[in-house]
Amino acid sequence: MNIYEEVIEKIQQLPESVVIELNELLDFLLLKRDNNRWQQWQQFTNGIAIPPGDISDNLSPDANHQKQPEIASSPLPPKEPPPTPSREAQNLFQKGESVSNAGKYQEALDFYTRAIEIHPTYHQAWSGKGLAFRVLKHYNEAIECYNRALEIEPKFAKSWFGKGFAFYRLSHYNDALECYNRAIEIEPNDGSIWNGKGNALYSLNQYDEAIKCYTKALVLKPNDYVFWQNNGTSY
């Protein structure tokens, strides 16, 4: 392969816009036979006589023939976690949890609210308040509380699950399904979440998908009577 063929091979690897400009120049040189310009052309060909593969390795078909300077991107600063609740707020939250577990949800609301007044970014308290509202069948209020909790901590699966449950009770099954999916991304081994997703899918008449979710829930919690019942009614 002579120098001319090597240069043509190199040119064919360049972007189309550059090839067009070079072809015009070459036509001009061949027609005019201008000795000075021919020397310029030889200097140019010597400049691009680089080892095979260098052009294709560094230029894509859509790349500019003039390499743009790289701009260093600075990473975004990590999001700072919310401050730790004060001892007083934590005590109120724990009291809310105790009375909630005892079934005294109205009383629990009071403790959670007082904890939030002291520490407004206490996402567990917002989530607990959402649960109390949900059990008391105040579903819209529950969703508002879960939203506040998730604004503070979006990776708290319990809040996504509770929000999904509230949506389900309001017959907003697609919204419930979305919440359950978010919860599963965070806690994939929680059988209750899979059961909730199964309920949403069942209500959307997606029975085969519901069965898969109920089965997954049973694998995770094989002794749960409700899961077995749901799995049976979906057939």
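To be clear, the structure that these remarks concern was listed above.
Residues numbered from 1 in each chain as written. Predicted model: local features only at pLDDT ≥ 70, side-chain atom pairs only at ≥ 80, totals over all residues. Heavy atoms only, no water.

*Asks:* Would you mind showing me how to read the overall build of the protein here?
*Replies:* On a plain count of helices and strands, the protein comes out with 13 helices and 0 strands. Reading the helices (α) and strands (β) of the protein from amino to carboxyl end gives α-α-α-α-α-α-α-α-α-α-α-α-α. Relative to all contacts within the protein whose residues are 6 or more apart in sequence, the contacts with residues 24 or more apart total 46%. As displayed, the protein offers around 15,400 Å² of accessible surface, 50% of which is attributable to carbon and sulfur atoms. (Helix = DSSP H or I, 4+ residues; strand = E, 2+ residues; numbered from the N terminus. Contact = heavy atoms within 4.5 Å. Areas by Shrake-Rupley, 256 points an atom, 1.4 Å probe, with all protein chains shown as cover.)

*Asks:* Looking at this structure, how should I read the nonpolar core?
*Replies:* The tendency in soluble globular proteins is for nonpolar side chains to be buried side by side. One finds Phe93, Ala115, Tyr122, Ala125, Trp126, Tyr180 and Ile193 to be the most contacted residues of the largest nonpolar core, which totals 42 residues. Taken together, the elements giving at least two residues each to this core come down to helix 5 (87–101), helix 6 (105–118), helix 7 (123–135), helix 8 (139–152), helix 9 (157–169), helix 10 (173–186), helix 11 (191–203) and helix 12 (207–220). Ranked by residue count, the leading element in this core is helix 8, at 8 residues. (Core = buried A, V, L, I, M, F, W, Y, C linked by side-chain atoms within 4.5 Å. Buried < 20%, exposed > 50% of the residue type's maximum accessible area, 1.4 Å probe, protein only.)

*Asks:* Explanation requested: unusual backbone geometry in the structure shown.
*Replies:* Glycine aside, the phi torsion of most residues is negative, and most peptide linkages are trans. Even without being a glycine, Ser171 presents a positive backbone phi close to 65 degrees. Relative to the helices and strands, Ser171 is located in the loop between helix 9 and helix 10. Taking the relative accessible area as the measure of exposure, Ser171 reaches 42% and is therefore partly exposed. Even without a glycine there, the phi angle at Asn205 is positive, about 65 degrees. The exposure class of Asn205 is exposed, given its relative accessible area of 54%.

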